[in-house]
Amino acid sequence: MRNEIIAIILMILSTVGIVLGVLAVEKYRRGQLYTVELIARTTEHGNWYPRRITVPVGEEVKILIRNIDTVSHGFAIPDFNVAVEEIKAGNVAVVQFMPDKKGIFPFMCTVWCSERHLEMTGELIVE
Ligand SMILES: [Cu+2]
């Protein structure tokens with residue numbers, strides 16, 4: 001009788017443990033945002049890389065913008081009200097937003113960084 005009670009208690013404890021474990025993993029997974037990396041360089045030195053980024057609609061997105069250049073750049077996606085005024089040479093900026101509509105939206109540099117600054121554009125594809 002006593003052994004049975006101990007066995008039942010152990011069974012309950014291990015079940016609770018498994019459930020808590022699954023919940024913890026789920027919570028961790030939900031904490032990981034959809035993340036994209038973007039490299040910023042002047043048009044002359046390689047432009048945005050990649051020029052096109054694709055993200056899922058309706059999911060919070062994080063973009064890490066690495067300026068590996070020797071001049072400042074800016075970043076904006078006007079359709080989603082995303083903007084970073086200035087990212088200094090060697091710095092990383094992080095933006096987070098919710099792409100709530102499907103389509104192709106331009107993103108661009110917003111700092112006059114070189115003669116060909118106006119060509120420093122790319123496309124955000126939300127699908
Ligand atoms: Cu630029």
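Each remark here, short or long, concerns the structure printed above.
We now turn to the structure provided with this report. (Residues numbered from 1 in each chain as written. Predicted model: local features only at pLDDT ≥ 70, side-chain atom pairs only at ≥ 80, totals over all residues.)

1. Things to note about the overall build of the protein chain
Each helix and strand counted, the protein chain has one helix and eight strands in total. When the helices and strands of the protein chain are read in sequence order from the N terminus, they spell out α-β-β-β-β-β-β-β-β. For the protein chain, the C-alpha radius of gyration of 23 Å lies well beyond 14 Å, the compact-globule estimate for 127 residues. Dimensions of the protein chain, computed from the C-alpha atoms along their principal axes, are close to 85 × 30 × 20 Å. Within the span of the protein chain, comprising 127 residues, buried residues form 17% of the whole. Sequence separation of at least 24 residues holds for 63% of the intrachain contacts in the protein chain that already meet a minimum separation of 6. (Helix = DSSP H or I, 4+ residues; strand = E, 2+ residues; numbered from the N terminus. Rg over C-alpha atoms; globule rule 2.2 N^0.38 Å. Buried ≥ 20, exposed ≤ 12 C-beta atoms within 10 Å, placed from the backbone. Contact = placed C-beta atoms within 7 Å.)

2. Examining the nonpolar core
Membership of the largest hydrophobic core comes to 15 residues, with the highest contact counts inside it found for L38, A40, I65, F75 and C109. Per element, the largest residue contribution to this core is three residues, and it comes from strand β3 (residues 61-67). (Core = buried A, V, L, I, M, F, W, Y, C linked by C-beta atoms within 7 Å.)

3. What to know about the sheet that holds strand β6 (residues 92-97)
Strand order in the open sheet formed by three strands is β1-β3-β6, and the pairing between neighbours is mixed. Each having just a single partner strand, β1 (34-40) and β6 make up the two edges of the open sheet. Strand after strand, the sheet turns through a mean of 20° between neighbouring axes, direction not considered. Direction of pairing for β1 relative to β3: parallel, over a ladder of seven bridges. Each residue of the ladder has a partner; that of T35, found in β3, is K62. (Pairing = 2+ DSSP bridges. Axes fitted to C-alpha atoms, helices over the stretch in contact; angles between N-to-C directions.)

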